[in-house]
Amino acid sequence: MTLASFKSALPRDALASIVVFLVALPLCMGIAIASGMPPAKGLITGIIGGLVVGWLAGSPLQVSGPAAGLAVLVFELVRTHGLAMLGPILLLAGLLQLIAGRLRLGCWFRVTAPAVVYGMLAGIGILIVLSQLHVMFDVKPQASGLDNLLAFPDTVRQAIPGLGGGSAMAAALLGFGTIACMFLWDKLRPNSLRFLPGALLGVASMTLISLWMNLGVARVEVPATLSDAIDWVKPADLLNLADPHILLAAVVVAFIASAETLLSAAAVDRMHSGARSNMDRELSAQGIGNMLCGALGALPMTGVIVRSSANVQAGARTRMSAILHGAWLLAFVMLLPGVLQSIPIASLGGVLVYTGFKLVDIKAIRSLGRYGRAPVFIYAATAIGIVSVDLLTGVLIGFALTLVKLASKASRLKVNLNQVGPDQAELRLIGSATFLKVPHLASVLEGIAPTTRLYVPLDKLSYVDHACMELLDDWGRAAEQQGGALLIERHGLNRRLEGRTLSMRRAVA
């Protein structure tokens, strides 16, 4: 970029960076709380996502930071392995991303079936809603989605005057007030004020109301200086990376963070006509960012579509908008920590509940429905698996069902048996003959008299594997002993199987 073009783009980028900063501020803290982490951890990740990843990114208009899509996974990792192990897990996950980017594997992270991706986001959204509904009542959420669902009646009961105590009712009103502000602003905001994010307006208004009414609700806790929130990774904890469970956790974080980042980058590319994303460079930048987050004990990061779309809509031209948004976050946290400490946690819970509902994209379900029932079933199974068991299990269920669907599609085989004369028949195979179709092909061959001269043309087959050829070979050997014969035909060339095993190569020559 030339100096002249940089100067011309800077005013637009500066304005866009302020918009993104206003969007990112409540989300960074809310996602940290949803992850079971102190709010300052999310702010550190947002700052790194702007100042470091914004500079290195391969997607110039994408904004990186803590993502709701990883909140559930982080919560589970911290609960299972402890807060101290999150840093080593992120260090390894970031290293895997960096290596993948250097090996130019970025495009392969985008081949994940949309049904699995949308199902994963829907499952995560449901879990966020179920947990943050408790946060909106100033109640600590349970460990799992089903536990949160079962415990919710008791949480509501605490807010009823005379049955519960504390600040549950006041907190709930602030949380639902935040959701109402965000919803109404999305529906009614004038075009001239579209740059103002609903999350900021909702949190700011509920914070002012809570201060004016002197409500005794739980509020955000941030240290006086940002350095107090940094927990440097300890060399002794790095030795635990030899644990297979820790290694698996790092691989899962790397994969999900990379998939979400690159899907977001592809979506951002469709929003503007500027430079396209370099997926490998973006993946490497994310890896460096997550390694830094791991070293500092912060949250993992991804490219985030909410902040990125706000960046594009605000008129950003270059990566300077993402970099500046990180600078605004850093300045705000260092200069005005008291403002953050006045924010009700219930209001941030309301932001996450609203965000969680939006992750369950009804339009995505309708889009998948155009391709049949199978994608919708995979979507639902993935989401249900995540909610009822855990994130990894749900995603694996989605991948397994996708592979079953692909195997079924790839092994479609029509088997037509035609009698063409006395003791002569033709077995026509159309499609793909894989081992999955061996039982069906075997049942057809069992119904053919062994004295038959059986012709098998292969010209209509797109693929035939060794299992099917061995099955035909076995039938041919048995038929040869009783006066029959098997002739395989391809491109007009016959090869008679006279009781001897032929290699695959010769059989289909």
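Predicted, not measured: the structure shown is a model, and the values here were computed from it.

Procedures and definitions
- Sequence order sets the numbering: in each chain, residues are counted from 1 along the sequence as written.
- Two thresholds apply to this predicted model, a pLDDT of at least 70 for residue-level local features and 80 or more for giving and counting side-chain atom pairs, whereas whole-chain, interface and lining totals are computed over all residues.
- By convention in this description, side-chain values take in all heavy atoms of the structure and omit both hydrogens and water.
- Every helix listed is a DSSP run of H or I at least four residues long, and every strand listed is a run of E at least two residues long, numbered separately from the N terminus.
- In this scheme, a residue with accessible area under 20% of its type's maximum is buried, one over 50% is exposed, and one in between is partly exposed, where area comes from a 1.4 Å probe on protein chains only.
- Contacts are residue-level and defined by heavy atoms, with any inter-residue pair within 4.5 Å sufficient.
- Using the Shrake-Rupley algorithm and a 1.4 Å probe, accessible areas are obtained, with residue cover drawn only from the displayed protein chains.
- The convention is simple: Lys and Arg are positive, Asp and Glu are negative, and His and the chain ends are not counted.
- For charged residues, the charge sits on one atom: NZ in Lys, CZ in Arg, CG in Asp, CD in Glu.
- We call Phe, Tyr and Trp rings a pair once their centres come within 6.5 Å, taking the six-membered ring for Trp, and we label the pair stacked below 30 degrees between planes, edge-to-face above 60, and tilted otherwise.
- Remark: nonpolar core denotes a set of buried residues (Ala, Val, Leu, Ile, Met, Phe, Trp, Tyr, Cys) joined through side-chain atoms within 4.5 Å.
- Being paired, for any two strands, means DSSP has found at least two bridges between them.
- Think of it like this: strands point away, you trace from the first strand over the helix to the second, and a clockwise trace means the crossover is right-handed.
- Any N or O atom pair separated by 3.5 Å or less is treated as a polar contact, with the protein-specific requirement of one donor-capable and one acceptor-capable atom, and with residues adjacent in sequence counted only for side-chain atom pairs.

**Student:** So what about the overall build of the chain? Which residues, and what values?
**Tutor:** Scanning the chain for helices and strands turns up 21 helices and eight strands. Overall size of the chain, expressed as C-alpha extent along the three principal axes, is 100 × 65 × 55 Å. Buried residues in the chain amount to 52% of all 509 residues. For the chain, the proportion of contacts with a sequence separation of at least 24, taken over those separated by at least 6, is 77%. Total accessible area on the chain stands at roughly 23,400 Å², and carbon and sulfur atoms take up 65% of it. The averaged location of the 28 negative side-chain charges in the chain is 10 Å from the averaged location of its 40 positive side-chain charges.

**Student:** So what's going on with the packing of aromatic side chains? Which residues, and what values?
**Tutor:** Under the criterion given, the structure shown has four aromatic pairs. Relative to Phe152, the ring of Phe137 lies with its centre 5.9 Å away and its plane at 80°, an arrangement referred to as edge-to-face. Residue Phe137 is located in the loop between α5 (114–135) and α6 (145–159), and its partner Phe152 is located in helix α6; the two are separated by 15 residues in the primary sequence. For Phe137, a relative accessible area of 7% puts it in the buried group. Ring centres of Phe137 and Phe176 lie 6.3 Å apart, and the angle between their planes is 80°; on these two criteria the pair is classed as edge-to-face. Residue Phe137 is located in the loop between α5 and α6, and its partner Phe176 is located in helix α7 (residues 168–188); the two are separated by 39 residues in the primary sequence.

**Student:** Give a description of the nonpolar core that names residues and reports values.
**Tutor:** Of all hydrophobic cores here, the largest spans 93 residues; its most connected members are Leu25, Met29, Leu43, Leu73, Leu340 and Leu391. Of the residues forming this core, the biggest block, twelve residues, is contributed by helix α1 (residues 3–34). Filtering out sequence-adjacent residues up to four positions away, Met29 remains in contact with Pro39, Leu43, Val220, Leu340, Ile343 and Leu348. One finds Leu445, Leu461, Val464 and Met469 within the second-largest nonpolar core, a separate group that totals 24 residues.

**Student:** Go over unusual backbone geometry with me, naming the residues and quoting the values.
**Tutor:** One non-glycine residue, Asn214, lies in the positive phi region at around 55°. Tracing the backbone shows Asn214 in the loop between α8 (198–212) and α9 (235–238). Residue class for Asn214 comes out exposed when judged on its relative accessible area of 69%.

**Student:** Report on the pairing of strand β4 (residues 424–433), specifying residues and quantitative values.
**Tutor:** The pairing of strand β3 (residues 413–421) with β4 spans eight bridges and is antiparallel. When the bridges of β4 are listed, Val415 appears paired with Leu429. Hairpin connection of β3 to β4: two residues between the antiparallel strands, including Asp423 at a positive phi of 55°. As paired elements, β4 and strand β5 (residues 453–457) share three bridges and run parallel to each other. Opposite Ala425, over in β5, you have Leu454 as the bridge partner. What joins β4 to β5 is helix α19 (residues 438–446), and the crossover it makes is right-handed. Bridging between β4 and strand β6 (residues 461–464) involves three bridges; their strand directions are parallel. Paired with Ala433 across the bridge in β6 is Val464.

**Student:** A description of the side chain of Ser64 should follow, citing residues and the corresponding values.
**Tutor:** By the element assignment, Ser64 lies in strand β1 (residues 63–65). Judged by its relative accessible area of 3%, Ser64 is buried. A polar contact is formed between the side chain of Ser64 and the side chain of Gln286, at a distance of 2.7 Å. Leave out the neighbours within four places in its chain, and Ser64 touches Gly46, Gly49, Gly50, Val53, Glu282, Gln286, Met301, Thr302, Gly303, Val304 and His325.

**Student:** Tell me about the environment of Leu90, residues and numbers included.
**Tutor:** Residue position: Leu90 is located in helix α4 (residues 86–102). For the pair formed by Leu90 and Met291, sequence separation is 201 residues and the distance between their alpha carbons is 6.0 Å. The contact partners of Leu90, leaving out residues within four places of it in the chain, are Val253, Asn290, Met291, Cys293, Gly294, Ala298, Leu299 and Pro300.

Treat this as a map of the structure, not an account of what it does.
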